[in-house]
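Commentary on secondary and tertiary structure
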Amino acid sequence: MQQLTKEHFEPISVDLRQSEAIKRPSLSFWADVWRRLKMNKVAMASLIFIVVLIVAAIVIPFVTNNDYFTTDLAGKNKKPSVEHWFGTDDLGRDMFVRIWYGARISLEVGLAAAFIDLVIGVIWGGLAGFYGGKVDEIMMRIADILFAIPYLLVVILLMVVLEPGVGTIIIALTITGWIGMARIVRGQMLQLKSQEFVLAARSLGADANRLIFKHLIPNALGPIIVTLSLTVPSAIFAESFLSFIGLGVAAPVASWGTMSSEGLPAMKYYPWRLMFPALFISVTILAFNLFGDGLRDAVDPRLRK
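Here the residue numbering is sequential within each chain, running from 1 through the sequence in written order. In keeping with the model being predicted, local features are shown solely for residues with a pLDDT of at least 70 and side-chain atom pairs are shown and tallied solely at 80 or more, while totals for entire chains, interfaces and linings include all residues. Side-chain numbers come from the whole structure's heavy atoms, not from hydrogens or water.

**Thoughts on the UniProt feature "transmembrane region" (unreviewed entry) in the protein**
UniProt positions are given in the numbering used here, feature names are shortened, and annotations may be inferred rather than shown by experiment. According to UniProt, the "transmembrane region" (unreviewed entry) feature falls on residues 42-63, 109-130, 142-162, 168-185, 224-254 and 274-295. Put simply, DSSP marks the helices as runs of H or I at least four residues long and the strands as runs of E at least two long, and each gets a number from the N terminus on. Secondary structure over residues 224-254 splits into 68% helix and 0% strand, and the C-alpha atoms at its two ends are 32 Å apart. What you have in residues 274-295 is 100% helix and 0% strand, and the ends, taken at the C-alpha atoms, are 32 Å apart.

Next comes the structure, spelled out in structure tokens:
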């Protein structure tokens with residue numbers, strides 16, 4: 001039998017940097033997500049662009065001397081210059097100001113549609129996944145029936161029947177847009193409701209509402225927020241497409257889609273009229289998608305390639 005000596009009771013030497021790492025407090029889930037997200041330079045650059053876009057869309061129309069609706073036929077189709085940074089359109093309206101008003105429309109539609117999808121999808125999917133059985137079967141069959149209807153057909157039909165406008169676009173986009181969120185939440189509920197912390201809360205007398213919204217939904221926030229971040233660019237593209245084909249916002253309201261539609265016939269002689277709105281549509285959608293991908297990887301590192 002080995003004899004215990006005084007050396008066996010001496011503290012083990014630890015490198016100073018290692019000791020600091022050991023002493024460092026553990027990170028919360030969202031602090032860890034933020035730490036991982038900051039390591040993704042592409043996602044952070046996309047986030048910065050999105051923040052700048054939102055701030056500029058709010059501020060710029062207030063600090064310029066031009067507006068989006070005043071016409072000046074004597075100054076139509078001017079090239080980009082110091083006076084008109086993005087040039088003018090066929091009615092002499094300043095393209096720079098109209099671009100930023102268009103950003104307001106796109107962001108309003110994208111964020112509002114994503115929020116409505118979030119609310120409906122979380123409630124629908126949460127209830128279906130938590131109760132299961134017949135409730136789940138009926139609720140998800142209803143969702144499947146709605147999902148089977150061609151998405152663009154529903155949107156275009158509503159835009160034709162209802163009065164065109166931002167509100168109509170948001171309603172049209174959310175008729176079936178919430179189904180993807182509902183399926184994500186339902187899947188999370190099915191995984192989480194048998195976990196020990198849920199069984200413990202149930203044994204302590206927690207009712208269904210408390211279990212769903214206090215214990216289950218908070219633990220499914222990661223996938224929910226990732227899905228939400230990827231819903232916004234889809235809504236922005238849909239609004240631009242509807243406005244491009246003439247079913248979106250009505251003139252003289254500025255929209256990237258309507259500006260692209262007006263600029264397409266003039267592309268050969270006045271390319272800036274199509275170039276700027278198309279560029280903003282593309283870069284904005286790309287930024288949201290890149291940020292959503294980066295957020296997904298930060299929430300679940302196992303998804304990294």
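**Observations regarding the side chain of Thr227**
Among the secondary structure elements, Thr227 is positioned in helix α11 (residues 221-244). On the accessibility criterion, Thr227 (18% relative accessible area) is buried. Relative accessible area decides the class of each residue, using a 1.4 Å probe on protein chains only: under 20% of the type maximum gives buried, over 50% gives exposed, and in between gives partly exposed.

**Looking at the nonpolar core**
Buried residues of nine kinds, namely Ala, Val, Leu, Ile, Met, Phe, Trp, Tyr and Cys, make up a nonpolar core once their side-chain atoms join them within 4.5 Å. Ranked by size, the top nonpolar core spans 34 residues in total, and within it Leu53, Phe86, Ile99, Trp100, Trp256 and Phe280 carry the most contacts. Take this core: its biggest share by element is 11 residues, from helix α13 (residues 272-299). The residues contacting Phe86, other than those within four sequence positions of it, are Pro80, Met95, Phe96, Ile99, Trp272, Phe276 and Phe280. It only takes one pair of heavy atoms within 4.5 Å for two residues to be counted as in contact.

**Side note on a nonpolar patch on the surface**
Patch rule: a residue counts if its relative accessible area is over 30% and it has no salt bridge; like charges are joined within 9 Å, and nonpolar side chains (Val, Leu, Ile, Met, Phe, Trp, Tyr) within 5 Å. Accessible surface is estimated by sampling points in the Shrake-Rupley manner with a 1.4 Å probe; for residues, cover comes only from the protein chains shown. For this analysis, a salt bridge means a side-chain nitrogen from Lys or Arg found within 4 Å of a carboxyl oxygen belonging to Asp or Glu. There is a patch of nonpolar side chains on the surface, built from Val51, Ile54, Val55, Ile58, Val59, Phe62 and Val63 and spanning about 650 Å² of accessible area. The class for Val63 is exposed, based on a relative accessible area of 61%.

**Focus: the environment of Ile54**
Mapped onto the elements, Ile54 comes out in helix α3 (residues 41-63). Placed 49 residues apart in sequence, Ile54 and Ala103 show a C-alpha to C-alpha distance of 7.9 Å.

**A word on the confidence of the model for the protein**
Note on scores: pLDDT gives the predictor's confidence for each residue, bounded by 0 and 100. Looking at the protein, the pLDDT average stands at 81 and 89% of residues meet or exceed 70. Across the protein, the secondary-structure element scoring lowest on mean pLDDT is helix α1 (residues 16-23), at 52, and the one scoring highest is α3, at 90.

**A short note on the packing of aromatic side chains**
Pairing of aromatic rings covers Phe, Tyr and Trp, the last through its six-membered ring, and needs centres within 6.5 Å; plane angles under 30 degrees mean stacked, over 60 mean edge-to-face, and all others mean tilted. Under the counting rule described, the total for this entry stands at 10 aromatic pairs. Look at Trp100 and Phe280: their rings are 5.4 Å apart centre to centre, the planes differ by 80°, and that puts the pair in the edge-to-face class. Taken together, the positions of Trp100 in helix α4 (residues 95-131) and Phe280 in helix α13 put the pair 180 residues apart, joining distant regions of the chain. Just as Trp100 is buried, Phe280 falls in that class too. Relative to Trp272, the ring of Tyr270 has its centre 5.7 Å away and its plane inclined at 65°; by these criteria the two rings are edge-to-face. You can call Tyr270 partly exposed: its relative accessible area is 29%.

**Comments concerning the packing of α4 against helix α7 (residues 166-177)**
Working note: a packed helix pair is described by the angle between its axes plus the distance between those axes. Note on geometry: axes are lines fitted to C-alpha atoms, helical ones only across the stretch in contact, with angles between N-to-C directions running from 0 to 180 degrees. α7 packs onto α4 with a crossing angle of 35° between their chain directions and a minimal axis gap of 9 Å. Crossing of α4 against α7: the hand is right-handed. Contacts from Ile105, Glu108, Val109, Ala112, Ala113, Ile116 and Asp117 in α4 reach Val166, Ile169, Ile170, Leu173, Thr174 and Gly177 in α7. Less than a right angle of anticlockwise turn of the near helix away from the far helix marks a crossing as left-handed, whereas a clockwise turn marks it as right-handed.

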